[in-house]
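# Close look at the chain arrangement
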Amino acid sequence: MDLVYRIIIYLHVSSVIASIGPFFILMPIVKKLPAAEGKELGAHLATLKSVVRLSMHSGHVLVGTGVLLVVLGPWTWKTPWIVMTLVLLFSSLFFLARAFSPTLRKFTEEGANKLELSAKLKRTIWTYIILLMSMLWFMVVKPHLW
């Protein structure tokens, strides 16, 4: 059981890395979006969509392994850091679903203000990174809040 639990922890941490890490490489791509046209714009948007898709799928692994860790581990669902992690998790899921896809779709519309959309995308990426890093903080520090 100990080996299985450690493997689940490893998968959990790996999925956190896969969820957060790719968003940091998006910043240079977002800077190139306002000047990008045609195939170059398509390639940049495809990269952005791939990162969002990777984050969503690694989030599924993150949730699954997190559930297993709580069920098999010494904590309960009422533990403060688990409750706060879940609150942030549901916030990030709602945010991810509504923040990226509509903005990315607008880049391909005729007469789209790419500079404004790029600025919005940059804010969105940083907001999402902050949400995920906050969740990570709760999982690592495990503070006693109440």
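A few points on the structure.

### Comments concerning helix 5 (residues 114–141)
With 28 residues, helix 5 extends 40 Å between its outermost C-alpha atoms, agreeing within 8% with the 40 Å of an ideal straight helix rising 1.5 Å per residue. Directly beyond the C-terminal end of helix 5, a positive phi value near 55 degrees is found at Lys-142.

### Description of the environment of Ser-92
Residue placement: Ser-92 occurs in helix 4 (residues 80–106). Given the relative accessible area of 2%, Ser-92 is considered buried. When near neighbours in sequence (up to four residues on either side) are disregarded, Ser-92 contacts Tyr-128, Leu-131, Leu-132 and Met-135. A polar atom in the side chain of Ser-92 sits 2.8 Å from the backbone oxygen of Leu-89.

### Things to note about the pattern of salt bridges
Evaluated as defined, the whole model comprises two salt bridges. For the salt bridge of Glu-37 with Lys-114, the shortest nitrogen-to-oxygen distance reads 3.1 Å. Linking Glu-37 in the loop between helix 2 (26–32) and helix 3 (38–72) with Lys-114 in helix 5, this pair joins segments that are 77 residues apart in sequence. You can call Glu-37 exposed: its relative accessible area is 56%. Looking at Lys-114, the relative accessible area reads 12%, which means it is buried.

### Brief notes about unusual backbone geometry
One non-glycine residue, Lys-142, adopts positive backbone phi at about 55 degrees. Relative to the elements of secondary structure, Lys-142 occurs in the segment after helix 5. Lys-142 sits in the partly exposed class, given a relative accessible area of 27%.

### Side note on the packing of aromatic side chains
For any pair of aromatic rings, the description rests on two quantities: the centre-to-centre distance and the angle between the ring planes. The final tally for this structure, using the stated rule, is seven aromatic pairs. Seen in terms of ring centroids, Trp-75 and Trp-81 are 5.3 Å apart; in terms of plane orientation they differ by 85 degrees. Their pairing is edge-to-face. Among the residues examined, Trp-75 registers a relative accessible area of 30% and is labelled partly exposed. According to the relative accessible area criterion, Trp-81 is buried, its value standing at 10%. An aromatic cluster is defined as three or more aromatic residues linked by ring pairs; in this entry it consists of Phe-23, Phe-95, Phe-100 and Tyr-128. Cation over ring: Lys-142 sits above Trp-81, and NZ or CZ is 4.7 Å from the ring centre.

### Topic: a nonpolar patch on the surface
A contiguous nonpolar surface patch, about 490 Å² in accessible area, is contributed by Val-63, Val-67, Leu-68, Val-71, Leu-72 and Trp-77. You can see Val-67 is positioned in helix 3.

### A short note on the packing of helix 1 (residues 2–24) against helix 5
Where helix 1 meets helix 5, the axes come as close as 9 Å, and the angle between the chain directions of the two elements is 155 degrees. Relative to helix 5, helix 1 is oriented roughly antiparallel. For the element pair helix 1 and helix 5, the recorded crossing hand is left-handed. Between helix 1 and helix 5, the residues in contact are His-12, Val-16, Ser-19, Ile-20, Phe-23 and Phe-24 and Ile-125, Trp-126, Tyr-128, Ile-129, Leu-132, Met-133, Leu-136 and Met-139, respectively. Class assignment of the residues belonging to the contact of helix 1 with helix 5 gives a composition of 12 nonpolar, two polar and no charged.

Basis of the calculations
Residues numbered from 1 in each chain as written. Predicted model: local features only at pLDDT ≥ 70, side-chain atom pairs only at ≥ 80, totals over all residues. Heavy atoms only, no water. Helix = DSSP H or I, 4+ residues; strand = E, 2+ residues; numbered from the N terminus. Expected span 1.5 Å × (residues − 1). Buried < 20%, exposed > 50% of the residue type's maximum accessible area, 1.4 Å probe, protein only. Contact = heavy atoms within 4.5 Å. Polar contact = N/O pair within 3.5 Å; in protein donor to acceptor, adjacent residues only side chain to side chain. Salt bridge = Lys/Arg side-chain N within 4 Å of Asp/Glu carboxyl O. Phe/Tyr/Trp six-rings, centres within 6.5 Å; stacked < 30°, edge-to-face > 60°. Lys NZ or Arg CZ within 6 Å of the ring centre and 35° of its normal. Patch = residues over 30% accessible without salt bridge, like charges linked within 9 Å, V, L, I, M, F, W, Y side chains within 5 Å. Areas by Shrake-Rupley, 256 points an atom, 1.4 Å probe, with all protein chains shown as cover. Axes fitted to C-alpha atoms, helices over the stretch in contact; angles between N-to-C directions. Parallel < 35°, antiparallel > 145°, perpendicular 65-115°, else oblique. Left-handed = near helix turned anticlockwise from the far one by under 90°. Nonpolar A, V, L, I, M, F, W, Y, C, P; charged D, E, K, R; others polar.

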